[in-house]
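# Coordinate analysis (summary)
Here is how the chains run, residue by residue.
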Amino acid sequence: MMQPHDFGFGTQIRKSPYFDATVRWGATGFSVYNHMYIPRDFGDPEQNFWNLVNCAILCDVAVERQVEITGPDAAKFVQMLTPRDLSNMAVGQCKYVLITNAEGGILNDPILLRLDENHFWLSLADSDILLWAQGVAVHSGLDVSICEPDVSPLQLQGPKSGEIMRALFGDEIMDLRYYWLREMDLDGIPLIVSRTGWSSELGYEIYLRDGTKGDALWERIMAAGMPFGLKPGHTSSIRRIEGGMLSYHADADIHTNPFELGLDRLVNLDMEADFIGKFALQRIRDNGVTRKQIGLVIDGPKLTGPNTTFWPINHDGACVGRVTSAIYSPRLGKNIALAMVSVDCAELGTELEVVTHSGETTATVVERPFFDPRKQLAAAGSSLTAQATA
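So, a few notes on the structure that sits alongside this text. (Residues numbered from 1 in each chain as written. Predicted model: local features only at pLDDT ≥ 70, side-chain atom pairs only at ≥ 80, totals over all residues. Heavy atoms only, no water.)

## A short note on the overall build of the protein
Counting its secondary structure elements, the protein contains nine helices and 21 strands. With the principal axes as the frame, the protein shows a C-alpha extent of 65 × 50 × 50 Å. Looking at the protein as a whole, 55% of its 390 residues qualify as buried. Summed over its atoms, the accessible surface of the protein is roughly 16700 Å², and 51% of this surface lies on carbon and sulfur atoms. One finds the centroid of the 33 positive side-chain charges in the protein at a distance of 3 Å from the centroid of its 49 negative side-chain charges. (Helix = DSSP H or I, 4+ residues; strand = E, 2+ residues; numbered from the N terminus. Buried < 20%, exposed > 50% of the residue type's maximum accessible area, 1.4 Å probe, protein only. Areas by Shrake-Rupley, 256 points an atom, 1.4 Å probe, with all protein chains shown as cover. Lys, Arg positive; Asp, Glu negative; His and termini not counted. Charge placed at Lys NZ, Arg CZ, Asp CG, Glu CD.)

## What to know about the sheet that holds strand 5 (residues 94-96)
Strands sit in the order 5-8-9-4-10 across an open sheet of five strands; the sheet is antiparallel. Edge strands, defined here as strands with exactly one partner in the open sheet, are strand 5 and strand 10 (145-147). Within the sheet, the average angular offset between the axes of one strand and its neighbour, ignoring direction, is 20 degrees. The pairing of strand 4 (residues 66-70) with strand 10 spans three bridges and is classified as antiparallel. Of the residues in strand 10, the one forming a bridge with I69 is I146. Contacts from helix 3 (residues 74-81) reach strand 4, strand 8 (111-116), strand 9 (119-123) and strand 10 within the one sheet, and its direction differs from that of strand 4 by about 135 degrees. Contacts from helix 4 (residues 129-138) reach strand 4, strand 9 and strand 10 within the one sheet, and its direction differs from that of strand 10 by about 160 degrees. (Pairing = 2+ DSSP bridges. Axes fitted to C-alpha atoms, helices over the stretch in contact; angles between N-to-C directions. Contact = heavy atoms within 4.5 Å.)

## Considerations on the sheet that holds strand 15 (residues 231-233)
Paired through backbone hydrogen bonds, the strands of a sheet run either parallel or antiparallel to each other. Ordered by their spatial adjacency, six strands build an open sheet running 12-13-14-11-3-15, and the pairing between neighbours is mixed. At either margin of the open sheet sits one strand with a lone partner, and together these are strand 12 (181-186) and strand 15. Neighbour to neighbour, the strand axes of the sheet diverge by 30 degrees on average, direction disregarded. In this structure, strand 13 (residues 189-194) lies alongside strand 14 (residues 203-208), joined through four bridges in antiparallel fashion. Across the sheet, residue V193 finds its bridge partner in strand 14, namely I206.

## With respect to the pairing of strand 14
Burial runs high along strand 14: six of the six residues are buried. Where burial is concerned, the two faces of strand 14 agree: the one with G203, E205 and Y207 and the one with Y204, I206 and L208 are both buried. Sheet topology note: the strand 11 (residues 152-157)/strand 14 ladder contains six bridges and is antiparallel. Paired with L156 across the two strands is Y204, which belongs to strand 14.

## Looking at the environment of G92
Mapping G92 onto the fold places it in the loop between helix 3 and strand 5. By relative accessible area, G92 is classed as buried at 10%. It is 7.2 Å that separates the C-alpha atoms of G92 and D116, two residues lying 24 residues apart in sequence. Beyond its immediate chain neighbours, meaning those up to four positions away, G92 contacts R114, W180 and L181.

## Structural notes on the side chain of K278
Examined against the element boundaries, K278 turns out to sit in helix 8 (residues 278-287). It turns out K278 is buried and unbridged, and the closest side chain with the opposite charge, D274, is 4.9 Å from it. Within the structure, K278 has its side chain in polar contact with the backbone oxygen of A273 (distance 3.0 Å). Other than its neighbours up to four places away in sequence, K278 contacts L269, M271, E272 and A273. (Salt bridge = Lys/Arg side-chain N within 4 Å of Asp/Glu carboxyl O. Polar contact = N/O pair within 3.5 Å; in protein donor to acceptor, adjacent residues only side chain to side chain.)

## Considering the packing of aromatic side chains
Applying the stated criterion to the full structure yields six aromatic pairs. With centroids separated by 4.9 Å and ring planes inclined at 35 degrees, the aromatic side chains of F19 and F30 adopt a geometry described as tilted. Here F19 is found in helix 1 (residues 19-24), whereas its partner F30 is found in strand 1 (residues 29-33), with eleven residues between them in sequence. Look at F30 and you get buried, because its relative accessible area is 16%. (Phe/Tyr/Trp six-rings, centres within 6.5 Å; stacked < 30°, edge-to-face > 60°.)

## Description of the side chain of R84
Note that R84 resides in the loop between helix 3 and strand 5. No salt bridge is formed by the buried R84. Its closest oppositely charged neighbour is D85, at 8.2 Å. In terms of polar contacts, R84 uses its side chain to reach the backbone carbonyl oxygen of Y96, at 2.8 Å.

## Description of the packing of helix 3 against helix 4
Between helix 3 and helix 4, the shortest axis-to-axis distance is 11 Å and the interhelical angle comes to 115 degrees. By the angle between their axes, helix 3 is roughly perpendicular relative to helix 4. Once helix 3 is placed against helix 4, the crossing between them reads as right-handed. Two secondary-structure elements touch here, helix 3 through F77, M80 and L81 and helix 4 through W132, A133, V136 and A137. (Parallel < 35°, antiparallel > 145°, perpendicular 65-115°, else oblique. Left-handed = near helix turned anticlockwise from the far one by under 90°.)

## Concerning the nonpolar core
M165, F169, L191, V193 and L217 are the most contacted members of the largest nonpolar core, which totals 31 residues. Elements with a minimum of two residues in this core: strand 2 (36-41), strand 11, helix 5 (161-169), strand 12, strand 13, strand 14 and helix 6 (214-225). Top element by residues in this core is helix 6. It accounts for five residues. When sequence neighbours within four positions are dropped, the list of residues in contact with F169 reads M184, D185, L186, L191 and V193. Within the second largest apolar cluster, 25 residues are counted, among which are Y96, L98, Y178 and L266. (Core = buried A, V, L, I, M, F, W, Y, C linked by side-chain atoms within 4.5 Å.)

As far as function goes, none of this settles anything; it's purely spatial.
Listed below in C-alpha cells is the structure:
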C-alpha cells in the first residue's frame, strides 16, 4: 500500500537532500522542476504568502541546479553565454543574467555567481543548461570544465530572514550586500550564502555543498528560526507576480527575447565581447518588437488559484496575446497578471478582454511590478546603485 509520503514518479525524478525533512514539516504536494521534486504545498497558499511577507519562510529550492564552469577560460566562456556585460563582475558578486540562443531567444534566466577568478555557478531556472553549456564548449576552443556540482540551495526569505541569519552565523553576516555571496560554515556544514532569492522580499539563498547534510541543515535553520516565526514554505506565486518576477516556461521561453520583456538593461550590444545571439538581438533592437510584456488587473471574482493554462486576450474581436501568470493578491485585493500582448495594446490604461477558465472578463493594462517597484524590501539596507546592478 502506498503511504502518503511515497511520492512516486520513479527514480528518474530526483529527490533533494531536504526531501524527507520537507515531508516531516508538512509538505503534501510536489511538482517537477529540473527533473527533481519541488515542494509546492504546505497548506493554504495565501497563508504561505502572509508567512513570507510578515515573518519568514524556508523553501527547498534544490531544483535550482548549478552549472559549474571552471578553467583558465571560464570568464570568457561565461560571457559567451549571456548578452549581459560581465567585464566588471567581481569575485563574490552575483548577477541576474539571461542565456540566449542564436536567434536571441531566452533559454534560461539564472543567477550567476562568481566564486573565484575562474570559478562560476549558473543557478538555474527550469531548463537543461548543463547540456547547452557542455555542447557550446565542445567547439568553442576554450579551456573550460563544465559539470553539475553537489550543491543544493535553500531559500530563507522574508523580513525576519536577517535576524534568523544573525542567529545562525553571528553579526558578520549582516554586512553581506544585496547580490553578493560569501563562503560560510555552519556546524561543519560547508555553504555558500548569497543575498538573493525569488520572492522580492529581504532574503538569502543558502547553498549546501554536501548533500549528505541536507537533513541536518534544514533542522538547524528551522530551530534557529522558530523564535522569529519561521515557517516551512514554498516559493510564493502571489509574491513573485506582485514583484513582476519571471517564471521560465510561463512568462519567458525560447521564443521570447529580452526586449519583449523590457529587460534591455541585461543586453549590452556595444561591448567588444561576442556572445551567442548578438547579431539577432541587434536586428531585434533595430527593427523593434511586435509584442510586449505587460501587467494586468483582471476584473471579476477572486481567482482561486494560479492559471494552469495560457488565457487568450482579445481586443476589438481579435486575439492580441495571452495571460502568462495570473493570481489573486490578498494584499492588493485584486486579480493581477503578467501577459504578453501586441505592442499596440500595451499602453497603460488599455482595456482588454481575458478568457479565463470561467469565461470572458475585462482587464486593464497597469504598471508592473504591482508592489514595491524599486525592490526596496529585497535590497533593504542597500543603496539604489546596488539594486540597479543586480
